[in-house]
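Listed here are the chains, written in short residue letters.
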Amino acid sequence: MSKKIAVLPGDGIGPEITEQCVRVLESLRPEGLALDFEIAAVGGAAYDEAKDPLPQATLSLCEAADAILFGSVGGPQYDSLPRPMRPEQGLLRLRKHFDLFANLRPATVFPELAHASTLKPEIVAGLDLLILRELTSDIYFGQPRGIHRNAQGLREGFDTMRYNEAEISRIAHVGFQTALKRKRRLCSVDKANVLETTQLWRDVVSEIARDYPDVELSHMYVDNAAMQLVRQPKQFDVIVTGNMFGDILSDEASMLTGSIGMLPSASLNDKQFGLYEPIHGSAPDIAGKGLANPLASILSAAMMLRYSLDEAAFADRLEAAVRKVLAGGCRTADIEEPGCKRLGTAAMAEAVIAALHEASSR
Ligand code: IPM
Ligand code: MG
């Protein structure tokens, strides 16, 4: 029976990269990958159509699907809308609605791209770290929040950083279990020297560590972690952290790999249902020009095959095909270097499709 994928292209470069990603997945149909794709609007595109960044029709489609393939949301034309109407709310509501609390953001340096990083190649070559970001709580969702007039008549903005122990415990378990499948090192990032919320975070993670004697747990303050990530990134295996620190550190980690255009992500609930998206944003400056790198979306699709669709063999093949096109010198503008083959979005996807099929005929 074929599985159903809700495709939510969104805004900016989202539509062009997801279109190419779907083409790559479709090319595996003759070999038995039976996926049905249904497209729905999200973000600014949905606001334009339905005055809602997450219309009910889109939500219903996602509820009926086996996984969500997401593009990107946002654009300057929406920045002055009231907050509930902004494109980002479409994504945040999806995360909350499906309880997608575990956000896996791997940062892997492909050998061919070690020179594309702004850091020295010897610092990043061979890097393979995973940021596990809690995605449904923290200051992103904590109440109360708002902008009001204080007693002195001054406008005052406030948000609430908040975690309960159940939320910390479930992401910590995912962290330890993920580390067990990798190099068995887990670094929990917090700001326990200042913030009560993250003192609780540290306490709960330490309690849970007793269940995982084979994992080496360390704790690091977020400011130090930001520094260590550029100083000596290979010291890390799995980093587990809260929603806000994870947002910031994962953008930083992406640049270790050469381009934010390369990094996939998976956002999962406890039923292995997930939303898969590149970690890059909507890049309005290059939208519609056919320049965007589709590899982060294609690598997100590989994560979807592995984590939600039980198709690990196809996932491995997709990742191998991406490595092969990079080794063959294919580059989009963001990872361009002298002597490479400069390709646009569609041509890069075609190169991946060609590599997939060469691999299968061997
Ligand atoms: C991300 C993005 C989102 C976030 C935005 C678009 C709401 O930056 O997925 O990292 O802050 O979580
Ligand atoms: Mg972000």
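Quantities reported herein were computed from a predicted structural model and do not represent experimental measurements. (Residues numbered from 1 in each chain as written. Chains lettered and ligands numbered in written order. Predicted model: local features only at pLDDT ≥ 70, side-chain atom pairs only at ≥ 80, totals over all residues. Heavy atoms only, no water.)

What about the overall build of the chain?
- Along its length, the chain carries 12 helices and 14 strands.
- The C-alpha radius of gyration of the chain comes to 20 Å, within 12% of the 21 Å expected for a compact globule of 362 residues.
- Within the chain, the fraction of its 362 residues that count as buried is 54%.
- Counting only contacts in the chain whose residues sit at least 6 apart along the sequence, the fraction spanning at least 24 positions is 74%.
- In the form shown here, the chain has an accessible surface area of approximately 15,600 Å², with 53% of it arising from carbon and sulfur atoms.
- Looking at the chain, you have 38 positive and 48 negative side-chain charges, and the mean spots of the two groups are 2 Å apart. (Helix = DSSP H or I, 4+ residues; strand = E, 2+ residues; numbered from the N terminus. Rg over C-alpha atoms; globule rule 2.2 N^0.38 Å. Buried < 20%, exposed > 50% of the residue type's maximum accessible area, 1.4 Å probe, protein only. Contact = heavy atoms within 4.5 Å. Areas by Shrake-Rupley, 256 points an atom, 1.4 Å probe, with all protein chains shown as cover. Lys, Arg positive; Asp, Glu negative; His and termini not counted. Charge placed at Lys NZ, Arg CZ, Asp CG, Glu CD.)

Re the sheet that holds strand β1 (residues 3–10)
- If you trace the 10 strands from one edge of the open sheet to the other, you get β2-β1-β3-β12-β11-β4-β5-β10-β8-β9, paired in mixed fashion. Here the strands that pair on one side only, and so sit at the sheet edges, are β2 (35–39) and β9 (216–221). Strand-to-strand twist in this sheet, taken as the mean axis angle between neighbours without regard to direction, amounts to 25°.
- Note that strand β4 (residues 102–108) and strand β11 (residues 264–268) share three bridges and pair antiparallel. The partner of Asn103 across the bridge, within β11, is Ser267.
- Relative to the sheet, helix α7 (residues 196–209) contacts β5 (128–134), β8 (185–190), β9 and β10 (238–241), its axis offset from that of β9 by approximately 170°. (Pairing = 2+ DSSP bridges. Axes fitted to C-alpha atoms, helices over the stretch in contact; angles between N-to-C directions.)

Points about the side chain of Thr257
- Secondary-structure assignment places Thr257 in the loop between α9 (243–256) and β11.
- Here Ser254 takes part through its backbone oxygen, which lies 2.6 Å from a polar atom of the side chain of Thr257. (Polar contact = N/O pair within 3.5 Å; in protein donor to acceptor, adjacent residues only side chain to side chain.)

Focus: the site of ligand 1
- Taken together, Glu88, Arg95, Arg105, Arg133, Tyr140 and Asp247 make up all the residues around ligand 1.
- One of the side-chain nitrogen or oxygen atoms of Tyr140 is found 2.5 Å away from an oxygen atom of ligand 1.
- At a separation of 2.9 Å, an oxygen atom of ligand 1 approaches a polar side-chain atom of Asp247.
- Protein burial of ligand 1: of its 320 Å² of free accessible surface, 78% is covered by the chains.
- Of the residues assigned to the shell around ligand 1, the class counts are one nonpolar, no polar and five charged. (Near = heavy atom within 4 Å. Nonpolar A, V, L, I, M, F, W, Y, C, P; charged D, E, K, R; others polar.)

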